[in-house]
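Geometric and topological summary
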Amino acid sequence: MKSLRLPAFIKPMHYSLFFDIDLKQCAFAGKETIDIEITKPTKAIVVHASGLNIQSALLVHGGERKKPKTTVHARQETVTLQLNTAVKGKAQLCIEFTGRLNDDLLGFYRSAYVKDGKKCYLATTQFEAPYARRAFPCFDEPELKATFDVSLATDRNLQALSNMPVRSEVVDGDRKIVAFERTPRMSTYLLYMAAGEFEFLEGSSRGTKMRIVTLPGKKEQAAFALDIAKKFLGYFEDYSGIRYPLPKLDMIALPDFAAGAMENWGAITYREVYLLFDPSMTSTAIKQRIAMIIAHELWHMWSGDLVTMEWWDDLWLNESFATYMAYKAVDHFFPEWRLWNDFIRDEMERAFDDDSLKTTHPVAVSVKDPHQIEEIFDAISYAKGGSVLRMLERYVGEKQFRSGVSAYLKKHQYGNATSENLWDALAEASEKPIRKVAMHWIKQAGHPLIEVSRNKNLLLRQRQFVFGKASRSTWSIPLLIKSGSAVTSGLFEGAKKGLPATDSWCKVNYGQAGFYRVQYSDDLMEQLAAACTQLPVADRWGLQSDLFSLCMNGDVGIDSYFRFIAAYGQEREYLVLSSLYGSMKSIWYVFFHEKFWKETWPAFKKLHDTAFRSALDRLGWDPRQGESKQDALLRDLALRYLGFAEDSGVITQANEKFEAYRTNKAKLHPDIKASVFITVAAQGNEETYECMLSLYREFRSPEEARTILVSLGQFRNERLLQKTLDFAVSAEVRTQDVPIVFASVAANPLSRRILLPWVKKNWKKLERYKKSGKIFIHLLETLIGSRASREEERELRSFFKTHPLAYRMTLARSFERLKRTIAWREKNRKALAAYFLAGATNA
């Protein structure tokens, strides 16, 4: 395969960029001068460009102006500038070009909004991963850092934004040119440009000018974001020992955005729902999400922007670090949120799932194909890497970890780094063999399962936890074991290890900081079930989560899982109950179409009835002023569970609250709005459906719009679900929200008969999202993940044979997950039926 990389002997030093933005025509015209350094003689200069029209190109070298022959390579997304004679040394590349403001949410694109009943547009950019080339010809690789001078020509009434403060603004009639100060050395994917009608909520932190940038009429929703951003910026300055490097920091709320947020240096972009906070419309869950995403992006100002990975195979250095550091920062200011419980649920759980497949990839993954760059923005690069960093910090010590991180950032600031650079810094700070330990976790795919048994001693064996045949890989595992009142720590290396044993219960991975699964012998499992209520919440989560994963992988029968979770009948913690509910929904979806399901449903739906009913009885329907985040989330979870379990009282109240809200007779608290809407939809008819559509067309906040879109996928009527799918690809649903609707419909077992036929019929409409990168990948994963039988697998594989796709990693991983689901279903259908039909319940 031809190398993805540009020739290493040509390096950019500086870009002078000018863009003339025409929002009326959805177009832009650009001029650029790139100062380059050529270290060996060449007749060909190769730059990245995609979807641009090159108007002219000129090379200035040694006082001579050379006009090269220009050849566009569309598939490689490059342009070759061919010269008659070889050149070496310093030169200037001058290119004029034009392009379209696209609707794909990548490159230079337009975003729509409504003002005074009229549809308006703004122009904005999204250049990660390889999309700066869609806006201007460039050396679009993270290692090829340069400085940038940016000038934007826009309509006079618009505001222009970029990474740096405005240097000058010249008005000429109804147009103006805004020039920005020069950036530090940075990668092309971190450049940002925008033009639109914006409002600003301004503040400062330690001399850094800060602004929250919103559409007109929304800046009053920016106060929470500005307040916590100031706190997080100071926290990260102190943690890293490095002042924030730029003179200003903008955080920009966009109505159309493919990701959650993007760390453009000094100009961070967000979906509106993840930056704007309205106390009357924003739920507790989204408020916390806003804080987490802001913290994640702000740490990128150091890890990602100031210090950037050399190539995309070390993407984890950006994303895993930001994932982990966000939890540290938010927990520092909001300890009452108990965020490390959320880390277990939101990060470790999804990383475990992806990493238990043979088709997983190492945290540091070799990138050989352009599509892989988008495909590795996944749970491994974000959540597994973050989980490994958490484990390693426990191993080396918090003080030593911080010292090593600071040294790493200081040594490589304004440059690039690799995984090895981080390990060297941590090893020096801790005087521990961190490189040896870390390499197992970063360079090796998968994670271990520790099998625990007891004879005279406690015997630990490790193997890969994977669906199918395990590899012979082993890991250096930092251990923490609790047995009765004793705690043991150490490093587990090699295939097995013996430890002194007691007659008491034994919990391996005490505190759940280690990124590994644990399987206990039957006698130890019985002791743990009896001692379950004595364990901290994280360990109660770990026991049932490990067991359910072993069940899904075929190592344990589903009846064993049901017998063990009987110990959780009095569970009160959101972390554990949300996991139990998630496992229950997985079982429901996969086995829903079995012949015995209607008979088992009355017993199955009461599986956790006692715990959730107790939670709702304690908390009530109405949120209380000043209640904890855990109570707010648990109430919503209890309502979802009881609505799912067809509790007549909950369904009646949900319908009453929905009707009062729909008719403007009463407010509906944002913390229960989603559970009310979903419960109503699941029991609703066509009239209900039309009511929800009407509410969507007049939604009061981005969060409410998302809630309604999810609810439209929860109706129990095939015709209405098909209508929802049609609606998802209509002009009424923003591109960024299509995966939300699609995923909701696909998670509804009533869609199983209609989803694939609908996809086949509408494939051309879905293919247009290929240009939107990760959005199309999400659609693929959702489609394949919605299947649960061999017949469905064959039909899907047949479809992709005639409709081939380049996303090999996504397809392989999704089909392996489907195979695991099929095997789990086939192995456990009899045991599931027997367990519930025999009258056993674990309420």
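All values reported here derive from a predicted model rather than from experimental measurement. (Residues numbered from 1 in each chain as written. Predicted model: local features only at pLDDT ≥ 70, side-chain atom pairs only at ≥ 80, totals over all residues. Heavy atoms only, no water.)

Considering unusual backbone geometry
Spelled out, the test is: Here a helix means four or more residues in a row that DSSP labels H or I, a strand means two or more in a row labelled E, and each is numbered from the N terminus.
In the segment running from Glu128 into Ala129, the intervening peptide bond is cis, with an omega of 0°. Considering the arrangement of structural elements, one finds Ala129 in the loop between β8 (118–126) and β9 (147–155). The backbone of Glu431 shows a phi angle near 60°, a positive value even though the residue is not glycine. Along the chain, the position of Glu431 falls in the loop between α8 (419–430) and α9 (434–443). A positive phi angle, close to 60°, is found at Gln512, a residue other than glycine.

Description of the pairing of strand β18 (residues 267–271)
Every regular strand shows the same layout, with side chains that alternate between the two sheet faces. For clarity, the threshold we go by: Accessibility here uses a 1.4 Å probe with only protein chains present; expressed as a share of the type maximum, an area under 20% marks a residue as buried, one over 50% as exposed, and anything in between as partly exposed. Strand pairing is defined by DSSP finding a minimum of two bridges between the two strands.
Within β18, five of the five residues are buried, leaving the element largely enclosed by the surrounding structure. Alternating residues of β18 divide into Ala267, Thr269 and Arg271 and Ile268 and Tyr270, and every residue in both groups is buried. Between strand β17 (residues 261–262) and β18, which pair antiparallel and follow one another directly, the connecting turn spans four residues, one of which, Gly266, has a positive phi of 80°.

Overview of the environment of Gly203
Going by this rule: We call two residues in contact whenever any of their non-hydrogen atoms come within 4.5 Å of each other.
Position of Gly203 among the secondary structure elements: in strand β14 (residues 199–205). Separated by 27 residues in sequence, Gly203 and Lys230 have C-alpha atoms that sit 8.4 Å apart. Residues in contact with Gly203, not counting those within four places in the same chain, are Thr208, Lys209, Met210, Leu226 and Lys230.

Overview of the packing of aromatic side chains
We count it as follows: Ring pairs are drawn from Phe, Tyr and Trp, using the six-membered ring of Trp, whenever the two centres fall within 6.5 Å, and their geometry is named by plane angle: stacked under 30 degrees, edge-to-face over 60, tilted for the rest. A positively charged side chain is recorded as over a ring if its NZ (Lys) or CZ (Arg) lies within 6 Å of the ring centre. The angle to the ring normal must also be within 35 degrees.
In the structure shown here, the tally under the stated rule is 65 aromatic pairs. Taking the centre distance of 6.2 Å and the plane angle of 45° together, the rings of Trp265 and Tyr414 count as tilted. With Trp265 in the loop between β17 and β18 and Tyr414 in the loop between α7 (398–412) and β20 (415–417), this pair connects stretches of sequence that are 149 residues apart. Residue Trp265 is classed as buried on the basis of its relative accessible area, which comes to 0%. Judged by relative accessible area, which is 30%, Tyr414 ranks as partly exposed. Note that Arg5 overlies the ring of Trp311, its terminal NZ or CZ placed 4.0 Å from the centroid. Cation over ring: Arg289 sits above Tyr274, and NZ or CZ is 5.8 Å from the ring centre.

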